[in-house]
Amino acid sequence: MTQLPQSTERKMGLVIDLDTCVGCHACVISCKGWNTENYGVPLSDQDAYGANPSGTFLNRVHSYEVQPAEGPAQLIHFPKSCLHCEDAPCVTVCPTGASYKRVEDGIVLVNESDCIGCGLCAWSCPYGARELDVAEGVMKKCTLCVDRIYNENLPEVDRVPSCVRTCPAGARHFGDLGDPDSDVSKLVAEREGMDLMPEMGTKPVNKYLPPRPKDQIEEQIDILAPLLAPVAEEPKGFLGWLDKTLEKL
Amino acid sequence: MHPAPSVIIFTTCSGLGFGLLFFLGLGQPAVTGFVAFVFYVIAYALAVGGLLASTFHLGHPERAWKAFSQWKSSWLSREGICAVAALIVMALYALGAVFLHSHWTVLGWIGALLSLATVFTTSMIYTQLKTVPRWNMNLTPAMFLSFSLAGGALLAGAEALAPWLLAIAGAVQLAYWAQGDGAFARAGTTLGSATGLGDRGNVRAFEPPHTGTNYLLREFVHVVGRKHAQKLRVISLGLAFALPLLLILIPVSGLVVKHIFALLAVLSHLTGVVVSRWLFFAQAEHVVGLYYGKR
């Protein structure tokens, strides 16, 4: 059913550290790799090696430049995937019941055999987290690797979303954001984790940790610096004569 | 938003068709027999034709029947139910008018109400979307309903009501544009709030996540044709309301001339509404464009 549950037992989600992310796109590739051959239909590409390649991805990394009022600009890499919102508009708009939010862990999923590919859920998502697969005509979205996190055939270390397992910088964390004592909740509390577009009222479960402030370059780096100013500004002697002569030519 | 022909045809034709069914249900005009048959053929061709066009953009049209199940939360589901209910009730009413020369008044009223409800639910599919501030306004259902009633009155030949309804629809259209032009800024969503980085400084999209295009850019970040928006607004207003108003208000003698003028008025109205609907989609800005630095 596309009515949202009143509450979920757990709120599984991701915490993404914008301070640590180096923008390598490894999470994008591992996500595509895992999800194209596991849960649901593959993530197709169109014209992959041609002039106009395009394809379905569940996770994409943007890069933004932030220019403060004073000081140098900062480049921030910004991975974006489904935020598994508590008030997910993509679920309630679905006419067929294909889109749903799980009561047990809060994961938002699409039952692809019920999806008619009308695209309305993607229209209702402010984050661009849903993409209609052109080849299959059904909506694709992040499953929080539901086929990994409970998969007892995998070693325990691998029972996290593929993007989290892959991230070489440790910028992605996975856990229960509904439990205030979980590692991810503590991390969010400590680093003042934030919501994206809070004005949309979607109450995202995923949180983003803001970048730490950068070191500022001091005005005066050494008390002896003024004494180290260049001494000879104008060339003298032979070089001075050469300079003047060449100037006259 | 991408102005897909299927949704433009759908909202235009079905709006007009259900508008005509609304008036027929109220017994306006109170026709029977062959004349009634012609009226109902036109109404059903527009309403059903529009609904069929809307299935063209589905990834899996064969599963469309599943869309009737989620009426508790989904406006799209409610629209499907209202449309089918309106078509069934009005079909029974039409049977009475065409073959039995009788008007079952209460059934007609129910059918009229359901027809109007269909147009309303269609408009709510767009109105509910907070992600598209230009649609997320009370004037959106007002526009869909006033257009449908004006077009329906024009088709039904409701001579007394049609000029008023056309004028009202034109006024609602102007108000919709006036309010819609500032809607995105008023909604307050910026790249700063989208990334959560706005309080640190001026945020600029530095590098997109992919070099090519994708579903999101194709569907939500349509920018082609915006430069002609003002001209198209004038054309739309002229064709949809001004010209039909002129054509039905000019006093003419003779039934044939009158019918030709009425036909021209309907065709002009239809074309104008198509232009308005194209603008409705093409000018609608989805907040996801912010992430791509396209707003």
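For the structure, see preceding data.
To start, this report covers the structure provided alongside it. (Residues numbered from 1 in each chain as written. Chains lettered and ligands numbered in written order. Predicted model: local features only at pLDDT ≥ 70, side-chain atom pairs only at ≥ 80, totals over all residues.)

## With respect to the overall build of chain B
The number of helices and strands found in chain B is eleven helices and one strand. Starting at the N terminus and walking to the C terminus, you meet the elements of chain B as α-α-α-α-α-α-α-α-β-α-α-α. Compactness check: chain B gives a C-alpha radius of gyration of 21 Å against a globular reference of 19 Å for 295 residues, within 12% of the reference. Considered along the principal axes of its C-alpha atoms, chain B spans approximately 70 × 45 × 30 Å. Within the span of chain B, comprising 295 residues, buried residues form 47% of the whole. A sequence separation of at least 24 residues applies to 76% of the contacts in chain B between residues at least 6 apart. (Helix = DSSP H or I, 4+ residues; strand = E, 2+ residues; numbered from the N terminus. Rg over C-alpha atoms; globule rule 2.2 N^0.38 Å. Buried ≥ 20, exposed ≤ 12 C-beta atoms within 10 Å, placed from the backbone. Contact = placed C-beta atoms within 7 Å.)

## Some points on the overall build of chain A
Broken down by element type, chain A carries seven helices and eleven strands. Computed over its C-alpha atoms, the radius of gyration of chain A comes to 26 Å, more than 25% above the 18 Å expected for a compact globule of 249 residues. In terms of overall dimensions, chain A has a C-alpha envelope of 90 × 50 × 40 Å along the principal axes. Taken across its 249 residues, chain A has 45% of its residues classed as buried.

## As for the interface of chain A and chain B
Each side of the interface is counted separately: chain A has 51 residues, and chain B has 46 residues. Taken together, the elements giving at least two residues each to the side of chain A that touches chain B come down to strand 4 (59-67), strand 5 (74-81), helix 3 (120-124) and strand 8 (131-132) of chain A. Among the residues making up the side of chain A that touches chain B, the classes are represented as 29 nonpolar, 16 polar and six charged. As judged from the five bridges shared by strand 4 of chain A and strand 1 (residues 202-207) of chain B, these two strands associate in the antiparallel manner. Note on strand 1 of chain B: the bridge partner recorded for Glu65 of chain A is Arg204 of chain B. (Nonpolar A, V, L, I, M, F, W, Y, C, P; charged D, E, K, R; others polar. Pairing = 2+ DSSP bridges.)

## Details of the nonpolar core
Side chains that are nonpolar tend, in soluble globular proteins, to be buried together. In terms of nonpolar packing, the biggest core is built from 148 residues, with Leu20, Leu21 and Ala86 of chain B touching the most fellow members. The residues touching Leu21 of chain B, leaving out its near neighbours within four places in the chain, are Ala43, Ala47, Ala86, Met90, Gly111 and Ser115 of chain B. (Core = buried A, V, L, I, M, F, W, Y, C linked by C-beta atoms within 7 Å.)

## A word on the sheet that holds strand 4 of chain A
Here we have three strands laid out as an open sheet, ordered 5(A)-4(A)-1(B), and antiparallel in their pairing. In this open sheet, the two strands that pair with only one neighbour each are strand 5 of chain A together with strand 1 of chain B. Ignoring which end each strand starts from, the neighbouring axes of this sheet average 35 degrees apart. Sheet contacts for helix 1 (residues 26-36) of chain A: strand 4 and strand 5 of chain A; angle to strand 4 of chain A, the most-contacted strand, approximately 165 degrees. (Axes fitted to C-alpha atoms, helices over the stretch in contact; angles between N-to-C directions.)

## Remarks on the packing of helix 1 (residues 5-25) of chain B against helix 4 (residues 105-127) of chain B
Residues and elements named next belong to chain B. At a minimum axis separation of 7 Å, helix 1 and helix 4 run at an interaxial angle of 160 degrees. Looking at the two axes, helix 1 sits roughly antiparallel to helix 4. With respect to the hand of their crossing, helix 1 and helix 4 are arranged in left-handed fashion. For the pair helix 1 and helix 4, contact is made by Thr11, Gly15, Phe18, Leu21, Phe22 and Gly25 and by Gly108, Trp109, Gly111, Ala112, Ser115, Leu116, Thr118, Val119 and Thr122, respectively. Across the contact of helix 1 with helix 4, the residue classes break down as seven nonpolar, eight polar and no charged. (Parallel < 35°, antiparallel > 145°, perpendicular 65-115°, else oblique. Left-handed = near helix turned anticlockwise from the far one by under 90°.)

## Describing helix 3 (residues 75-99) of chain B
For helix 3 of chain B, spanning 25 residues, the distance from its first C-alpha to its last is 35 Å, which sits close to the expected 36 Å at 1.5 Å a residue. Where helix 3 of chain B ends, the next residue or the one after it, His101 of chain B, has phi of about 50 degrees, a positive value. (Expected span 1.5 Å × (residues − 1).)

## Remarks on the pairing of strand 1 (residues 12-17) of chain A
All names here are of chain A. Burial of strand 1 is extensive: six of the six residues sit out of reach of the surface. By the alternation rule, side chains of strand 1 split into Met12, Leu14 and Ile16 and Gly13, Val15 and Asp17, which are all buried. With five bridges joining them, strand 1 and strand 10 (residues 172-176) adopt antiparallel strand pairing. If you follow Val15 over to strand 10, its bridge partner there is His173. In this sheet, strand 11 (residues 207-209) lies alongside strand 1 in parallel orientation, the contact comprising three bridges. Of the residues in strand 11, the one forming a bridge with Asp17 is Leu209.

## Quick notes on the environment of Gly152 of chain B
Residues and elements named next belong to chain B. If you trace the backbone, Gly152 turns up in helix 5 (residues 139-156). Judged by C-beta crowding, with 31 C-beta atoms within 10 Å, Gly152 ranks as buried. Residues Gly152 and Thr271 lie 119 residues apart in sequence; the distance between their C-alpha atoms is 15 Å. Those residues within four positions of Gly152 in sequence are excluded, and the remaining contacts are Leu16, Gly19, Leu20, Phe22 and Phe23.

Geometric descriptors of this kind do not, in isolation, establish any biological role.
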